[in-house]
Each structure stands twice: as structure tokens, then as C-alpha cells.
Amino acid sequence: PPVHHLERMRRLRTIPPDQATWVGQTLDRLGGNVGQAVLGKAHVVRLTLTCMLSEGHILLEDAPGTGKTSLARALAASVQGTNNRIQFTPDLLPSDVTGVTIYDQKTGKFEFHQGPIFASIVLADEINRASPKTQSALLEVMEEGRVTVDGVGHDVGRPFMVIATQNPIEQAGTYRLPEAQLDRFLMKASIGYPDHASTVEILSGASVRDRSKTLQPLITTQAVTEMAELGARVHVDGAVLEYVSRLAEETRNAPEVRVGVSVRGALALVRCAKVWAAAHGRNYVLPDDVKELAQPTWAHRLVLDPEAEFAGATNEAVLGRLLADVAAPQERRSA
């Protein structure tokens, strides 16, 4: 049950209940629209929408043919904004992503020509196939929402979201994403194969090669920005913040972990929990929201000790143990 003092939160500091209900209903509509192209994956779709309203970026890592690109295209088709797709290859240059300054002989001035990164939703397909130099071109824009070319900054606008995909199976000709870049992704998720019923439904519509092309936009980019601002105002009680802080500290103290969750990672979890609460029609965050989002938000940020990793430890297992060991606020009060 909800914590009593969370229900009696100070309404002047958070969004009204009717606005939280509107955010939740709008996300339900968006999730249903995207779900027409990505069947049987409602949870991953909801995570992606939460990431978008948290003004973050998501990394989809899965085997080929599981619908990573379809999910990105369906989300882009559901939002009435611009979207670009960048196919990352070993010969891709940073200027191919950010843009380039070209001298115009007629005007006698240098003009900036925008690259494909200037869009509301950018699909970075097979991001680990690009060289580290090209991957680093994304660091600034993913963190600050701007691109600097020849000393001049250019804003990409709001909303802005990068949906990156990578295939963990085929490693030939790939470059491992460095920890600094992984930390820029608000979430990392895996779609997985659909269940039996969804697979049969997909096969029955085999004549439709791309279901995302049949989708119609439901909301504008302005509505996305408004919902993001409402989500940022959702109330988080001090006990929940202490819970997140304790979890982050435990990841740094765990014997299997060499590098734990940073302050940026803790902030990321709080941002996601706020939007997740609003997505469920609430204007306050519960500890259960933190538990639900800890794995997709934190697992990719942990760097395990090589010996522990060799012994079979995984990021997900270590984080799952910590979530079980650290008492949530409700459990502490009832003890």
C-alpha cells in the first residue's frame, strides 16, 4: 500500500492529480500505438516512453531480428516530430553525425550544414560498429543537447532522444562502448523474443514488412516537452531519496563491483522514477518505482571486478541481490 505521508504530500510542490492522470492516459495511448508495431512487448515499450519523457537516451541490446529497429521507428512515427536513422559503420566519420561547416563562395561566409543528429528522435543503428572517435561525437550532444563544430555550439532542440541498438552476439568488427558513453544512456534494455501468441500474430501479418509505417502520430513534440516538465515535478519523499542513496552506496561497496553507480546514475534513477509514477497516474514516487527501474537504469553502469566476472557474477545478479538486501522505506517502518 502507498506510504501515508506520500499520500499527504504538499500539493504545491508537485503536479495536481488530474495532470498526472493525463500523463498516464497519454502514455497508455502512445504505448498502445507503438505496441501495434512491436507486439507483446508492453513493458519494454513503457520503459522506452519513460526514457523519452525523462529526456534521456536508451540502448537496446539484443539478438538480430527481435524488433529493436522497429521499436525505434514506431516511437518516432508516434510523435509528430523529425526523426533520422544513422547506420553506424567502421568508416563513419564524426562529421557524418554532427554536421560540417562549408565555405560559401557566393556569400564569402562559412555555413553550418546540420548532420542527422539534428532530429527529435535519432536511431543510432548498430552503434558499436563505429570507431571510438565517431562514438565520442555523441558524448556532448547526449549530455548537453548541443553540438560544437569549429568552436560554435548548435542546439539540437527539445525533445531530443537517441535510441541506439547493438548486437551482442556478433563481435567481429565492433568496438566496445566505453563506460563514459554507457553512462550517457539513461537506460539499457533488451527486447527479447515474443511469446507464442505474439509470434503467431506476427507471422499472420507477414505481408506487412514494416508495421511502423502504418502508424499515425498521436502527439506533438510540444506535448512531449510538456509531459517531461510535468514528470520532473512529481514529488519524491525524503525517505525514497535516502533509499536511492543507500542503494547507490551499496553498489560501490559490493565486493564484486570495481566501479559502482555514480551520482549521475542516482539522479537518473530518480528522474525515471518520477516519470514512471506519472505514467501510472500518480503525482508521488513509491519505493516500488525505484525497485522496478533499478535494473534498466543501473545494471549497465556497474563495472565488475574481472575475477568476479570470470567466476560467473553478472551486473543484473549483483544488483538484484542488493535490491533484496537493502530495506525499502515501508519495510523499515514496519520492522
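The structure this text deals with has already been given above.
Colleague: Would you explain empty space enclosed by the protein in this entry?
Modeller: Here the idea is plain: a probe the size of a water molecule rolls over the atoms and shows the empty space left. One pass over the full model with this rule turns up 1 cavity of 30 Å³ or more. Taken together, M52, E55, V79, S120, I121, P159, F160, M161, V224, T225 and A228 make up the full set of residues lining the largest cavity. Looking at the lining of the largest cavity, the element that brings in the most residues is helix 9 (residues 221-232), giving 3 residues.

Colleague: Any chance you could explain the packing of aromatic side chains here in plain terms?
Modeller: Given two aromatic rings, one states the distance between the centres and the angle between the planes to describe the pair. Within this structure, the stated rule accounts for 2 aromatic pairs. For the ring pair F112 and F118, a centre distance of 5.7 Å and an interplane angle of 65° mean the geometry is edge-to-face. Positioned above the aromatic ring of Y284 is the side chain of R282, whose terminal nitrogen or guanidinium carbon lies 5.9 Å from the ring centre.

Colleague: Honestly, the pattern of salt bridges in this entry has me stumped. Any pointers?
Modeller: Opposite charge on two side chains permits pairing when their charged atoms draw close. In total, this model carries 15 salt bridges according to the counting rule given. The residue D125 makes a salt bridge to R85 at a minimum N-O spacing of 2.6 Å. Residue D125 is located in strand 6 (residues 121-125), and its partner R85 is located in strand 3 (residues 83-87); the two are separated by 40 residues in the primary sequence. The buried category is assigned to D125, whose relative accessible area is 6%. With a closest N to O distance of 3.1 Å, R129 and E126 form a salt bridge. Residue E126 is classed as partly exposed on the basis of its relative accessible area of 26%.

Colleague: Before we go on, may I ask you to explain the sheet that holds strand 10 (residues 187-189) in this structure?
Modeller: As a general point, the strands of a sheet are linked pairwise by backbone hydrogen bonds and lie either parallel or antiparallel. One open sheet holds the 5 strands; their spatial order is 3-6-9-1-10, and the pairing between them is parallel. Where the open sheet ends on each side, the last strands, each with one partner, are strand 3 and strand 10. The sheet shows a mean angle of 15° between the axes of neighbouring strands, direction not considered. Pairing analysis gives 4 bridges linking strand 1 (residues 58-61) to strand 9 (residues 161-166), with the strands arranged parallel. Paired with L60 across the bridge in strand 9 is T165.

Colleague: In this structure, what is going on with the nonpolar core? I would like to understand it.
Modeller: A general tendency of soluble globular proteins is for nonpolar side chains to be buried together. One finds M52 and W298 to be the most contacted residues of the largest nonpolar core, which totals 72 residues. Per-element accounting of this core gives the leading share, 11 residues, to helix 11 (residues 263-279). Aside from chain neighbours lying at most four places away, what touches W298 is V244, L247, A248, T251, V261, G265, A266, L269 and L319. Membership of the second largest hydrophobic core comes to 24 residues, among which are V97, F118, I127 and V156.

Colleague: Sorry, what's going on with the packing of helix 10 (residues 238-253) against helix 14 (residues 315-325) here?
Modeller: Close contact between helix 10 and helix 14 brings their axes to 10 Å; oriented N to C, the two are set at 135°. Put simply, helix 10 runs oblique to helix 14. The two elements helix 10 and helix 14 meet at a crossing, and its hand is right-handed. Contact with helix 10, carried on its side by Y243, L247, E250 and T251, involves L319, L322 and L323 of helix 14 and no other residues of that element. Residue composition of the contact of helix 10 with helix 14, by class: 5 nonpolar, 1 polar and 1 charged.

Colleague: Explain helix 12 (residues 287-298) to me, please; I cannot follow it from the model alone.
Modeller: Spacing of three or four residues puts side chains on the same side of an α-helix, whose turn is 3.6 residues. Compared with the 16 Å implied by 1.5 Å per residue over 12 residues, the 16 Å span of helix 12 between its first and last C-alpha is a close match. All buried positions along helix 12 are accounted for by P287, D289, V290, L293, A294, P296, T297 and W298.

Colleague: When you look at the layout of surface pockets in this model, what are you seeing that I'm missing?
Modeller: Estimates place the volume of the largest pocket at around 850 Å³. Lining the largest pocket are 33 residues; nearest its centre among them are E61, K188, H300, N315 and E316. Among the secondary structure elements, those contributing two or more residues to the lining of the largest pocket are helix 3 (42-53), helix 7 (179-182), strand 10, helix 12, strand 13 (303-304), helix 13 (306-310) and helix 14. Sort the elements by how many residues they give to the lining of the largest pocket and helix 3 lands first, with 3 residues. Among the residues forming the lining of the largest pocket, the class breakdown is 14 nonpolar, 11 polar and 8 charged.

Colleague: Help me understand helix 6 (residues 132-144) in this model?
Modeller: In a regular helix each residue adds 1.5 Å, so 13 residues correspond to 18 Å; helix 6 covers 19 Å between its end C-alpha atoms and thus fits that length. Among all positions in helix 6, only T134, Q135, A137, L138, V141 and M142 are buried. Take helix 6 and look down its axis: the buried residues cluster within an arc of 140°, on one side only. Structural note: helix 6 exposes P132, K133 and E144 on the side pointing more than 90 degrees away from its buried face.

Conventions adopted
- Residues numbered from 1 in each chain as written.
- Predicted model: local features only at pLDDT ≥ 70, side-chain atom pairs only at ≥ 80, totals over all residues.
- Heavy atoms only, no water.
- 1 Å grid on protein atoms, 1.4 Å probe; cavity = no way out; pocket = protein on both sides within 12 Å on 5 of 7 lines; lining within 4 Å.
- Points joined across faces, edges and corners; volume = space filled by probe spheres on them.
- Helix = DSSP H or I, 4+ residues; strand = E, 2+ residues; numbered from the N terminus.
- Phe/Tyr/Trp six-rings, centres within 6.5 Å; stacked < 30°, edge-to-face > 60°.
- Lys NZ or Arg CZ within 6 Å of the ring centre and 35° of its normal.
- Salt bridge = Lys/Arg side-chain N within 4 Å of Asp/Glu carboxyl O.
- Buried < 20%, exposed > 50% of the residue type's maximum accessible area, 1.4 Å probe, protein only.
- Pairing = 2+ DSSP bridges.
- Axes fitted to C-alpha atoms, helices over the stretch in contact; angles between N-to-C directions.
- Core = buried A, V, L, I, M, F, W, Y, C linked by side-chain atoms within 4.5 Å.
- Contact = heavy atoms within 4.5 Å.
- Parallel < 35°, antiparallel > 145°, perpendicular 65-115°, else oblique.
- Left-handed = near helix turned anticlockwise from the far one by under 90°.
- Nonpolar A, V, L, I, M, F, W, Y, C, P; charged D, E, K, R; others polar.
- Expected span 1.5 Å × (residues − 1).
- Arc of directions from axis to C-beta.

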